[in-house]
Amino acid sequence: MRHRIFVVGWLFVSLACFPGLAQAQTGLHLGDKAPELNLPGPAGGRVSLGSLKGRIVLIDFWASWCAPCLEEQPALSALYKKYRHRRFINGNGFEIYGVSLDNKKENWTAAIKKMKISWLQVSDLKYWTSAAARIYAVEALPYNVLLDGNGTIIGIDLHGDELEKKLGGLANMKGSSVK
């Protein structure tokens, strides 16, 4: 009896202290529709994920304080330049929707400037308590979710060569561009 009480108590405390545990069990899966996000950009205006419908979108969760995230930015920049105007199976063009888990605007905007990040950036500046991080069950950075033109999840946590291979496989006609 004591053992059961301990297990139930541990489970209750775990779910209360680590809300990501409950989400991780349900989580997002390939083939799911991506939950909508609508967050402020660096200039203050809001940018909705839904506004990117029709494009292949990489939701990139990162932060200025995350060394692996900063190391990944040059590779993302190269992919963005290579694919942003390409035609894809089920999508025209490639966009990155960068979601920062920073909590200080000056650190976030300084990193954008220093890394010369040219794609969309958003953040509610709430660190790990960000609604976006909870909705997408982000437990570590860097983390990303790849969407097709209909907003369907087609890749989760793809990095480096794996992400490049996935994007290359989705490219419809070699050399064709979206005008």
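Residues numbered from 1 in each chain as written. Predicted model: local features only at pLDDT ≥ 70, side-chain atom pairs only at ≥ 80, totals over all residues. Heavy atoms only, no water.

Draft legend 1. Structural view of the pairing of strand β6 (residues 94–100). With respect to burial, β6 is a largely interior element, 7 of its 7 residues being buried. Pairing between strand β3 (residues 56–62) and β6: 7 bridges, direction parallel. The residue bridging L58 from the neighbouring strand is I96, located in β6. In this structure, β6 lies alongside strand β7 (residues 120–122), joined through 3 bridges in parallel fashion. Its bridge partner being in β7, G98 is matched across the sheet by Q121. Taking the sense of rotation as the criterion, the β-α-β connection linking β6, helix α4 (residues 105–115) and β7 turns out right-handed. (Buried < 20%, exposed > 50% of the residue type's maximum accessible area, 1.4 Å probe, protein only. Helix = DSSP H or I, 4+ residues; strand = E, 2+ residues; numbered from the N terminus. Pairing = 2+ DSSP bridges. Right-handed = clockwise from strand over helix to strand, strands pointing away.)

Draft legend 2. Representation of a nonpolar patch on the surface. Residues W65, Y127 and W128 make up a contiguous nonpolar surface patch of about 300 Å² in total accessible area. Its place among the elements puts Y127 in the loop between β7 and α5 (131–135). Taking relative accessible area as the criterion, Y127 reaches 37% and is therefore assigned partly exposed. (Patch = residues over 30% accessible without salt bridge, like charges linked within 9 Å, V, L, I, M, F, W, Y side chains within 5 Å. Areas by Shrake-Rupley, 256 points an atom, 1.4 Å probe, with all protein chains shown as cover. Salt bridge = Lys/Arg side-chain N within 4 Å of Asp/Glu carboxyl O.)

Draft legend 3. Region of the structure containing the packing of aromatic side chains. Within the structure shown, the criterion is met by 8 aromatic pairs. Note on Y80 and F94: the rings are 6.5 Å apart at their centroids and 55 degrees apart in plane angle, and the pair reads as tilted. You can see Y80 sitting in helix α3 (residues 67–83) and its partner F94 sitting in strand β6, a full 14 residues away along the chain. Here Y80 and F94 have matching classes, each one buried. On the basis of an interplanar angle of 65 degrees and a centroid distance of 5.5 Å, the ring pair of Y80 and W119 is categorised as edge-to-face. Of this pair, Y80 sits in helix α3 while W119 sits in the loop between α4 and β7; the two residues are 39 residues apart in sequence, bridging distant segments of the chain. Just as Y80 is buried, W119 falls in that class too. Chaining the aromatic ring pairs together yields one cluster made of F61, Y136 and Y143. (Phe/Tyr/Trp six-rings, centres within 6.5 Å; stacked < 30°, edge-to-face > 60°.)

Draft legend 4. View of the packing of α3 against helix α6 (residues 160–170). Between α3 and α6, the least distance of the axes is 11 Å, while the angle of their chain directions is 10 degrees. Classed by the angle they form, the pair α3 and α6 counts as roughly parallel. Of the residues in α6, those touching α3 at L76, L79, K82 and Y83 are L163, E164, L167 and G168. A breakdown of the residues in the contact of α3 with α6 according to their chemical character gives 5 nonpolar, 1 polar and 2 charged. (Axes fitted to C-alpha atoms, helices over the stretch in contact; angles between N-to-C directions. Parallel < 35°, antiparallel > 145°, perpendicular 65-115°, else oblique. Contact = heavy atoms within 4.5 Å. Nonpolar A, V, L, I, M, F, W, Y, C, P; charged D, E, K, R; others polar.)

Draft legend 5. Quick peek at the nonpolar core. Core analysis: the biggest nonpolar cluster contains 47 residues, and L49, I59, F94, Y97 and L146 have the highest contact counts within it. Elements represented by at least two residues in this core include exactly β3, α3, β6, α4, α5, β8 (143–147), β9 (153–156) and α6. Here this core gets 6 residues from one element, more than from any other, and that element is β3. (Core = buried A, V, L, I, M, F, W, Y, C linked by side-chain atoms within 4.5 Å.)

Draft legend 6. Up close: the pattern of salt bridges. One pass over the structure, following the stated rule, counts 2 salt bridges. R55 is paired through a salt bridge with E95; the nearest N and O atoms lie 3.6 Å apart. With R55 in the loop between β2 (46–48) and β3 and E95 in strand β6, the pair connects residues that are 40 residues apart, well separated along the chain. On the basis of relative accessible area, R55 is assigned to the partly exposed category, the value being 32%. Taking relative accessible area as the criterion, E95 reaches 8% and is therefore assigned buried. Linking K82 and E164 is a salt bridge whose minimum nitrogen-to-oxygen distance equals 2.7 Å. Residue K82 is found in helix α3, and its partner E164 is found in helix α6; the two are separated by 82 residues along the sequence.

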